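Coordinates in review
The lines below spell out each chain.
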Amino acid sequence: MSPALPPIRQTSPAAERNKAPILAELLRLLPAQGAALEVAAGTGQHAAHFAAHLPGWTWQPTDPDAAALSSIAAWRAQAQAQAHLPGLLPPQQLDVLAEPWPVTGLPGPIDLLYCANMLHIAPWACCAALMRGAAQRLAPAGQLITYGPYLVEGEPTAPGNLAFDADLRQRNPAWGLRQLGAVATAARAAGLQLHEQVAMPANNRLLVFRRHPPHGG
Ligand SMILES: C[S@@+](CC[C@H](N)C(=O)[O-])C[C@H]1O[C@@H](n2cnc3c(N)ncnc32)[C@H](O)[C@@H]1O
């Protein structure tokens, strides 16, 4: 569905800060070409930046929010005015709780499902929905990559993350930082396993999930 609002480009300072370190990990983890579905693309800064630096990739940004879709479209227009970016597709509306996901931009299996900073700003049910959607759509060697702050069992939580968690829960009792172990359990229930975790700046983590190897190995 095309955005209902005229394109209004929003800027997230955090996305400006974290797009370079995330891109460095994507360049390390991803093959030279593939198809990526971005869930919860927000402002669209990540989509524009990553598509510009991953020229072999088709990148489909999505978000459920009309203002976000408008902003993603505006960042896409700006990126395409600066460079030829045929792989950066127009944004599509996607709420991970929808069944099935109404994403038509990428008809076949996908090589990457990328989702940054959604799990703590959405009800917990969105985590299982994200994992189910990923398991349904990922190619056999595909990867689900999430980014954000997590609570980690046995590790002290950084004061900034504790304050962020309290603020989120005050804004919406269904929100809050997620336990990394619980996220990994939800992934396993959908047939994915936590393959790698990378410590990122500002007490964030990048998590890489892949399909369980065949034969339970
Ligand atoms: C904090 S923003 C993150 C945006 C961007 N990924 C980033 O890291 O800058 C959270 C995003 O999650 C999206 N979101 C919330 N609930 C969602 C859901 N049920 N399905 C998909 N996206 C959702 C919001 O619309 C919002 O754009």
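Quick caveat: nothing in here was measured; it's all calculated off a predicted structure. (Residues numbered from 1 in each chain as written. Predicted model: local features only at pLDDT ≥ 70, side-chain atom pairs only at ≥ 80, totals over all residues. Heavy atoms only, no water.)

Points about the pattern of salt bridges
Under the counting rule described, the total for this entry stands at 7 salt bridges. Linking Glu 196 and Arg 28 is a salt bridge whose minimum nitrogen-to-oxygen distance equals 2.6 Å. With a gap of 168 residues between them, Glu 196 in strand β8 (residues 192-200) and Arg 28 in helix α1 (residues 13-29) connect regions that are remote in the sequence. Residue classification places Glu 196 among the partly exposed positions, given a relative accessible area of 22%. In this structure, the salt-bridge partner of Glu 155 is Arg 205, at a minimum N-O distance of 3.2 Å. Of this pair, Glu 155 sits in the loop between β6 (150-151) and α5 (159-171) while Arg 205 sits in strand β9 (residues 204-211), placing them 50 residues apart in sequence. By sharing partners, the salt bridges in this structure join Glu 25, Arg 28 and Glu 196 into a single network. (Salt bridge = Lys/Arg side-chain N within 4 Å of Asp/Glu carboxyl O. Helix = DSSP H or I, 4+ residues; strand = E, 2+ residues; numbered from the N terminus. Buried < 20%, exposed > 50% of the residue type's maximum accessible area, 1.4 Å probe, protein only.)

Overview of the nonpolar core
Taken as a class, soluble globular proteins show a tendency for nonpolar side chains to be buried jointly. Formed by 34 residues in total, the largest nonpolar core has its most connected members in Val 39, Leu 113, Met 118 and Leu 130. Every element with two or more residues in this core is listed here: β1 (34-39), β4 (110-116), α4 (125-137), β5 (138-148), α6 (180-190) and β9. Broken down by element, the residue count for this core peaks at 7 residues, all from α4. Setting aside chain neighbours within four positions, we find Val 39 in contact with Thr 62, Leu 94, Val 96, Trp 101, Leu 113, Tyr 114, Cys 115, Ala 116, Met 118 and Leu 130. Leu 88, Ile 145, Val 198 and Met 200 belong to the second largest nonpolar core, which has 26 residues in total. (Core = buried A, V, L, I, M, F, W, Y, C linked by side-chain atoms within 4.5 Å. Contact = heavy atoms within 4.5 Å.)

Quick look at the site of the ligand
Close contacts around the ligand come from 17 residues, with Ala 40, Asp 63, Asp 95, Val 96 and Ala 116 the closest. Considered on its own, the ligand offers 600 Å² of accessible surface; in the complex 81% of this is hidden by protein. Of the residues that constitute the shell around the ligand, the class distribution is 11 nonpolar, 3 polar and 3 charged. (Near = heavy atom within 4 Å. Areas by Shrake-Rupley, 256 points an atom, 1.4 Å probe, with all protein chains shown as cover. Nonpolar A, V, L, I, M, F, W, Y, C, P; charged D, E, K, R; others polar.)

Topic: the sheet that holds strand β3 (residues 92-93)
Across the sheet, which stays open at both edges, the 7 strands sit in the order β3-β2-β1-β4-β5-β9-β8 with mixed pairing between neighbours. Looking along the sheet, the strands with just one partner apiece sit at the ends: β3 and β8. Contacting β1, β4, β5, β8 and β9, α4 crosses the sheet at an angle of about 150 degrees to β5. (Pairing = 2+ DSSP bridges. Axes fitted to C-alpha atoms, helices over the stretch in contact; angles between N-to-C directions.)

Section: the pairing of β8
Both β8 and β9 contribute to a ladder of 8 bridges, which runs antiparallel. In the strand pairing of β9, Ala 199 is matched with Arg 205. Hairpin geometry of β8 and β9 is characterised by an intervening segment of 3 residues between the two adjacent antiparallel strands and by a positive phi of about 60 degrees at Ala 202.

Structural notes on unusual backbone geometry
Note that the residue after Glu 99, namely Pro 100, is joined by a cis bond; omega there is -10 degrees. Inspection of the secondary structure assignment puts Pro 100 in the loop between β3 and β4. In this model, Ala 40 sits at a positive phi of 60 degrees, which is unusual for a non-glycine residue. Residue Asn 117 is not a glycine yet carries a positive backbone phi of 60 degrees. On the secondary structure map, Asn 117 appears in the loop between β4 and α4. Residue classification places Asn 117 among the partly exposed positions, given a relative accessible area of 30%.

Quick notes on the packing of aromatic side chains
Taken as a whole and assessed by the stated rule, the structure comprises 3 aromatic pairs. Judged by centre distance (5.5 Å) and plane angle (80 degrees), the rings of Phe 50 and Tyr 114 are edge-to-face. Highlighted residues: Phe 50 in helix α2 (residues 45-53) and Tyr 114 in strand β4, separated in sequence by 64 residues. Residues Phe 50 and Tyr 114 agree in their burial class; the two are buried. Counting every residue linked through ring pairs, the aromatic cluster contains Phe 50, Trp 59 and Tyr 114. (Phe/Tyr/Trp six-rings, centres within 6.5 Å; stacked < 30°, edge-to-face > 60°.)

Geometric values such as these leave the question of function open.
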